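Breakdown of the fold
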Amino acid sequence: MKVDCHTHILPENFPDLAQRYGYPGFINLDHHRQGRARMMQDGKFFREVESNCWDCAVRLEECGRTDVDVQVLSTVPVMFSYWAKPEDTLDLSRMLNDHIAQCVSQNPDRFIGLGTLPMQAPDLAIQELHRCVNELGLAGVQIGTHINNWTLDAPELFPIFEAAEELGAAIFIHPWDMMGKELLNKYWLSWLVGMPAETTLAMCSLIFGGVLERLPKLRVCFAHGGGSFPGTLGRIEHGFNVRPDLCAINNNVPPSKYMGRFWVDSLVHEPEALKSIVRLFGEDKVCLGSDYPFPLGEEKPGALVEASEFDQEVKDKILSKNAFNWLGLSEEKYLHDN
């Protein structure tokens, strides 16, 4: 069985958001030909997407070809819109969340949904988190690696994480709005360098800030195999040990003690990197993630895991069982023949 915990989806049609809210900065879709659309931001091209980004039937057909049994659906991170007016981000979040919930309701044994929240307004975020879980039946939410000028240890954000723990909602953390992007505007460096750095920022913020320490039942998964974190943990741990006056001011537990405390996806593209994250985070804490349907993802989800030297028990954990544990769901509902 394969459960792809990292896939993105958009509604095929949604309103002109700049017109709806009265100011620019939002994404809109230009369906310039059959089965293809341009994601545009204030008239500038952002990304070309195909029908597999919005058409559930196409997604399921492609899942059949790649033996994916279940997809976890989340929005495209550029849609987070944390920079916008909070009430507008809430309105947009509700639109996106309603769409994901509809996709799940139409194919409940093939799709699992994660919502998005107006994180820049914690009260509104908590309100929408409750709606996602209690009314829409979503398994949790996807959030960014930082929220405007707040890193994830910001006291303002703690009540959201607290509410997620209380609700049993899973959290998927995905990089967006990459740090240093002014210097990373060539060679796709925002995606190749900025994204892994953003994920490391998020992980260190939750560890050093004591969020994971204070919320032991919070279930968090990080995209892209934890980004740059696996390769820099030694430096991070050493810094914690030699400069506790800077690193241990909010939590005196060493970062290494949190390995095995959270999940990461398997999207690392290379066999040795996969072995490294399984060794570091644990065979129970790596989940299949492909970044479907985007080109920086794994074209055949799970191919790297299936070709690995791990025994079948470990492969089964990575390909499906670990995702269900992170999401807090039973796999029984999703066992079926494609």
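Overview of the structure. Not measured: the values here are computed from a predicted model.

Take a nonpolar patch on the surface next. There is a patch of nonpolar side chains on the surface, built from Trp-188, Leu-192 and Val-193 and spanning about 290 Å² of accessible area. Residue position: Leu-192 is located in helix H6 (residues 189-208). Relative accessible area serves as the criterion here: at 43%, Leu-192 is assigned to the partly exposed category.

Attention now goes to the side chain of Asn-322. Its place among the elements puts Asn-322 in helix H12 (residues 312-327). Owing to a relative accessible area of 1%, Asn-322 belongs among the buried residues under this scheme. Not counting residues within four places of it along the chain, the set of residues in contact with Asn-322 comprises Trp-263, Glu-283, Asp-284, Lys-285, Val-286, Cys-287 and Lys-317.

This part covers the sheet that holds strand E12 (residues 263-265). Spatial ordering of the open sheet is given by E1-E5-E6-E7-E10-E11-E12-E13, a layout of eight strands whose pairing is parallel. In this open sheet, the two edge strands, each paired with only one partner strand, are strand E1 (3-8) and strand E13 (286-287). Relative to strand E5 (residues 70-74), E1 is paired through four bridges, and the arrangement is parallel. Bridge assignment links His-8 to a residue of E5, and that residue is Ser-74.

Relative to each other, helix H8 (residues 229-242) and helix H10 (residues 271-281) sit at 50°, their axes nearing to 10 Å. As summarised for this structure, H8 and H10 are arranged oblique, according to the angle between their axes. Together, Phe-229, Pro-230 and Leu-233 of H8 and Ile-277, Leu-280 and Phe-281 of H10 make up the contact between the two elements. Here the contact of H8 with H10 is built from residues that sort into six nonpolar, no polar and no charged.

Quick look at H12 now. The end-to-end C-alpha separation of H12 is 22 Å, in line with the 22 Å expected for 16 residues at 1.5 Å each. Buried within H12 we find Val-314, Lys-315, Lys-317, Ile-318, Leu-319, Ser-320, Asn-322, Ala-323, Phe-324, Trp-326 and Leu-327. The N-cap of H12, judged by a side-chain oxygen 3.2 Å from the amide nitrogen of Glu-313 a few residues on, is Asp-311. Note on H12: the residue one or two positions beyond its end, Gly-328, has a positive phi of about 75°.

This brings us to the packing of aromatic side chains. According to the stated counting rule, one finds 14 aromatic pairs in the structure shown. Taking the centre distance of 4.9 Å and the plane angle of 85° together, the rings of Tyr-82 and Trp-176 count as edge-to-face. Of this pair, Tyr-82 sits in the loop between E5 and helix H3 (86-106) while Trp-176 sits in the loop between strand E10 (170-174) and H6, and the two are 94 residues apart along the sequence. The two residues Tyr-82 and Trp-176 agree in class, both being buried. With a centroid separation of 6.0 Å and an interplanar angle of 55°, the aromatic rings of Phe-172 and Trp-326 are classed as tilted. Here Trp-326 lies in helix H12 and Phe-172 lies in strand E10, a separation of 154 residues in the sequence.

Right, let's get into the environment of Asp-123. Assignment of secondary structure puts Asp-123 in helix H4 (residues 122-135). According to the relative accessible area criterion, Asp-123 is exposed, its value standing at 67%. Through-space distance from the C-alpha of Asp-123 to that of Leu-29 is 30 Å; in sequence the pair is 94 residues apart.

Of the volumes computed, that of the largest pocket is approximately 840 Å³. Lining the largest pocket we find 31 residues, and of these Phe-46, Val-78, Asp-177, Met-178 and Trp-191 sit closest to its centre. Mapped onto the lining of the largest pocket, the elements with two or more residues apiece are strand E4 (44-50) and H6. Of the residues that constitute the lining of the largest pocket, the class distribution is 17 nonpolar, five polar and nine charged.

As a further point, take the nonpolar core. Within the largest apolar cluster, 59 residues are counted, with the highest numbers of intra-cluster contacts made by Phe-161 and Phe-262. It is H6 that contributes the most residues to this core, six residues altogether. The residues contacting Phe-161, other than those within four sequence positions of it, are Ile-143, Leu-152, Ile-171, Leu-206, Val-211, Leu-215 and Leu-218. The next biggest cluster of nonpolar side chains, apart from the first, holds 19 residues, and it includes Leu-10, Phe-14, Tyr-23 and Trp-54.

Parameters and conventions
Residues numbered from 1 in each chain as written. Predicted model: local features only at pLDDT ≥ 70, side-chain atom pairs only at ≥ 80, totals over all residues. Heavy atoms only, no water. Patch = residues over 30% accessible without salt bridge, like charges linked within 9 Å, V, L, I, M, F, W, Y side chains within 5 Å. Areas by Shrake-Rupley, 256 points an atom, 1.4 Å probe, with all protein chains shown as cover. Salt bridge = Lys/Arg side-chain N within 4 Å of Asp/Glu carboxyl O. Helix = DSSP H or I, 4+ residues; strand = E, 2+ residues; numbered from the N terminus. Buried < 20%, exposed > 50% of the residue type's maximum accessible area, 1.4 Å probe, protein only. Contact = heavy atoms within 4.5 Å. Pairing = 2+ DSSP bridges. Axes fitted to C-alpha atoms, helices over the stretch in contact; angles between N-to-C directions. Parallel < 35°, antiparallel > 145°, perpendicular 65-115°, else oblique. Nonpolar A, V, L, I, M, F, W, Y, C, P; charged D, E, K, R; others polar. Expected span 1.5 Å × (residues − 1). Polar contact = N/O pair within 3.5 Å; in protein donor to acceptor, adjacent residues only side chain to side chain. Phe/Tyr/Trp six-rings, centres within 6.5 Å; stacked < 30°, edge-to-face > 60°. 1 Å grid on protein atoms, 1.4 Å probe; cavity = no way out; pocket = protein on both sides within 12 Å on 5 of 7 lines; lining within 4 Å. Points joined across faces, edges and corners; volume = space filled by probe spheres on them. Core = buried A, V, L, I, M, F, W, Y, C linked by side-chain atoms within 4.5 Å.

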